[in-house]
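As a plain string of letters, each chain reads:
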Amino acid sequence: MTSPKIEMHVHLEGTIRPVTLLEIARRNGEALPADTVDGLEDLYRFTDFRHFIDVWVMTTNCLRTADDFRQVVVDYARQARDHGAVYLEAIFSPAERVEAHGIGWDEIYTGYCEGAVEAQERFGLTVRFTPDLYRGCPVELAEKCATVSVRYRDRGVVGLGIGGYELQGPLEPYRRAVRIAQDGGLAFVPHAGEAAGAESIREAVELGAVRLRHGIRAVDDSLLLAELAERGVVLDVCPTSNLCTGVVERLSAHPLPQLRDAGVLCSISTDDPAMFGTDLDREYELAERLGLPAEDAYAAGVAGALCEEEVLKRLLDMEGSGG
Ligand SMILES: O=c1[nH]cnc2c1ncn2[C@@H]1O[C@H](CO)[C@@H](O)[C@H]1O
């Protein structure tokens, strides 16, 4: 039995195994840059962060129907459950789908939300969502995305994030979108401090980020590090992802030990497990090697989770029983 785990940072589009992605692409008449499993796996050998984002957008554009989105949640929930997951806060990126293919917002949100209901019924795994905007996203599209996300609050959407190529530009243009989400009861959970440094993290915190996706570059600034620790801002750390996108050179250079020593709470996740060839057990294992025990990763998950009280209470009870 693997220990209970919480995963806070997983892009659902990045959980689709090559064989399933090919099947979905065929079903939807979409062309992929490779049409074999080996070909896709070659494509997943990323040269750097920019290359990773380009491939990510290209491949995930094959998703089209509510049933595709539902299937993606259910497939991953099954895998995550097998690795001990008891709670997932999953990311999906609706704006790219709407922009590239004119797919309806409700098609996307309904599909994902139905997947969460099915995951709960079939696997007893609770899934909540934090949709992502992307840096460079047209401002109006971002604001629309925030508005739709708020509408799905009672169906499992708990936050709004932003991802993409971090060096592309600041978060400032999205201030209003973030405000719409916050006013509607959603938390702001952006990517920051992954490919860019401490300034990017400061900007995110100033906009009200309650948790950070990655955030590892906080180690470059000791004042910021102390502030994150004091405010209890949880970082969702993904060791293999950082190596695959080249933002950390090798495991022994990973900043996790410094973050932990500074008292910053770190949860552990896979990010895009199919693209990075990893799973939740493996990430928890790497974290242990870097000096972060599974119990601490779980506790950081509980501290940062955005779900309702009732679910949180269940997660806390499991912590007491060895989580
Ligand atoms: O590790 C990651 N960092 C940043 N963005 C990511 C990552 N994984 C997936 N995305 C997704 O890539 C899209 C690019 O426009 C964004 O929607 C973001 O959510």
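Just so it is clear, the structure is predicted and the values come from calculations on it, not from any experiment.

Rules used in this analysis
- Residues numbered from 1 in each chain as written.
- Predicted model: local features only at pLDDT ≥ 70, side-chain atom pairs only at ≥ 80, totals over all residues.
- Heavy atoms only, no water.
- Buried < 20%, exposed > 50% of the residue type's maximum accessible area, 1.4 Å probe, protein only.
- Helix = DSSP H or I, 4+ residues; strand = E, 2+ residues; numbered from the N terminus.
- Arc of directions from axis to C-beta.
- Contact = heavy atoms within 4.5 Å.
- 1 Å grid on protein atoms, 1.4 Å probe; cavity = no way out; pocket = protein on both sides within 12 Å on 5 of 7 lines; lining within 4 Å.
- Points joined across faces, edges and corners; volume = space filled by probe spheres on them.
- Nonpolar A, V, L, I, M, F, W, Y, C, P; charged D, E, K, R; others polar.
- Phe/Tyr/Trp six-rings, centres within 6.5 Å; stacked < 30°, edge-to-face > 60°.
- Lys NZ or Arg CZ within 6 Å of the ring centre and 35° of its normal.
- Polar contact = N/O pair within 3.5 Å; in protein donor to acceptor, adjacent residues only side chain to side chain.
- Near = heavy atom within 4 Å.
- Areas by Shrake-Rupley, 256 points an atom, 1.4 Å probe, with all protein chains shown as cover.
- Sits in = over half its atoms within 2 Å of the grid points.
- UniProt positions renumbered as here; feature names shortened; annotations may be inferred.
- Pairing = 2+ DSSP bridges.
- Axes fitted to C-alpha atoms, helices over the stretch in contact; angles between N-to-C directions.

Draft legend 1. Just helix H8 (residues 175-183), in detail. Where H8 is concerned, the buried positions are Ala177, Val178 and Ala181. All buried residues of H8 lie within an arc of 100° about the axis, which places them on one face of the element. Exposed side chains of H8 directed beyond 90 degrees from the buried face belong to Arg176, Arg179 and Asp183. The inward-facing, buried residues of H8 contact strand E4 (132-134), helix H7 (139-151), strand E5 (159-163) and strand E6 (187-188).

Draft legend 2. View of the layout of surface pockets. Estimates place the volume of the largest pocket at around 370 Å³. Residue lining of the largest pocket: 27 residues in total, with Ile53, Val57, Glu96, Tyr134 and Gly164 positioned closest to the centre. At seven residues, helix H3 (residues 49-60) tops the list of elements feeding residues into the lining of the largest pocket. Tallied by class, residues from the lining of the largest pocket come to nine nonpolar, nine polar and nine charged. For the second largest pocket, the calculated volume is near 220 Å³. In this structure, the second largest pocket is lined by 16 residues; those nearest its centre are Arg128, Arg153, Arg155, Gly156 and Glu308. When residues of the lining of the second largest pocket are traced back to their parent elements, those giving at least two are helix H6 (105-123) and strand E3 (126-129). Within the lining of the second largest pocket, the residues separate by chemical class into seven nonpolar, four polar and five charged.

Draft legend 3. Examining the packing of aromatic side chains more closely. Scanning the entire structure with this criterion turns up 13 aromatic pairs. Ring centres 5.6 Å apart and planes at 75° place the aromatic pair Phe92 and Phe129 in the edge-to-face group. Remark: Phe129 occurs in strand E3 and Phe92 occurs in the loop between strand E2 (85-91) and helix H5 (94-101); sequence separation between them is 37 residues. The pair Phe92 / Phe129 is uniform in exposure class, with both members buried. Above the ring of Tyr284, the side-chain terminus of Lys5 is found at 5.5 Å from the ring centroid. Directly above the aromatic system of Tyr165 lies the positively charged group of Arg50, at a separation of 4.4 Å from the ring centroid.

Draft legend 4. How the structure looks around helix H10 (residues 222-231). Buried within H10 are the following residues: Leu224, Leu225 and Leu228. Take H10 and look down its axis: the buried residues cluster within an arc of 105°, on one side only. Seen from the buried face of H10, the exposed residues on the opposite side, beyond 90 degrees, are Ser222, Leu223 and Glu230. Among the structural elements, helix H9 (198-206), strand E8 (211-214), strand E9 (234-237) and helix H12 (256-261) are those in contact with the buried residues of H10. With a side-chain oxygen lying 3.1 Å from the backbone nitrogen of Leu223, the N-terminal cap of H10 falls on Asp221. Positioned one or two residues after H10, Gly232 has a phi angle of 70°, which is positive.

Draft legend 5. Up close: the site of the ligand. The environment of the ligand is formed by 17 residues, the closest being Ser93, Glu96, Asp132, Glu194 and Asp271. Between the ligand and Gly164 there is a distance of 2.9 Å, counted from a nitrogen atom to a backbone nitrogen or oxygen. Within the side chain of Glu194, one N or O atom sits 2.8 Å away from a nitrogen atom of the ligand. Across the complex, the protein chains shield 98% of the 420 Å² of accessible surface that the ligand would expose by itself. Judged by the fraction of its atoms near the pocket grid, the ligand is located in the largest pocket.

Draft legend 6. Structural detail: the UniProt feature "domain: Adenosine deaminase" (unreviewed entry) in the protein. Mapped onto this numbering, the UniProt entry gives "domain: Adenosine deaminase" (unreviewed entry) at residues 4-317. In residues 4-317, the share of helix is 51% and the share of strand is 13%. The end C-alpha atoms are 11 Å apart.

Draft legend 7. Broad picture of the sheet that holds strand E10 (residues 266-268). Strand order in the open sheet formed by four strands is E7-E8-E9-E10, with parallel pairing between adjacent strands. Here the strands that pair on one side only, and so sit at the sheet edges, are strand E7 (191-192) and E10. Examined bridge by bridge, E8 and E9 share three bridges and lie parallel to one another. Residue pairing across strands places Arg213 opposite Asp236, the latter belonging to E9. The strands touched by helix H15 (residues 294-304) within the sheet are E8, E9 and E10, with E10 carrying the most contacts at an inclination of about 105°.

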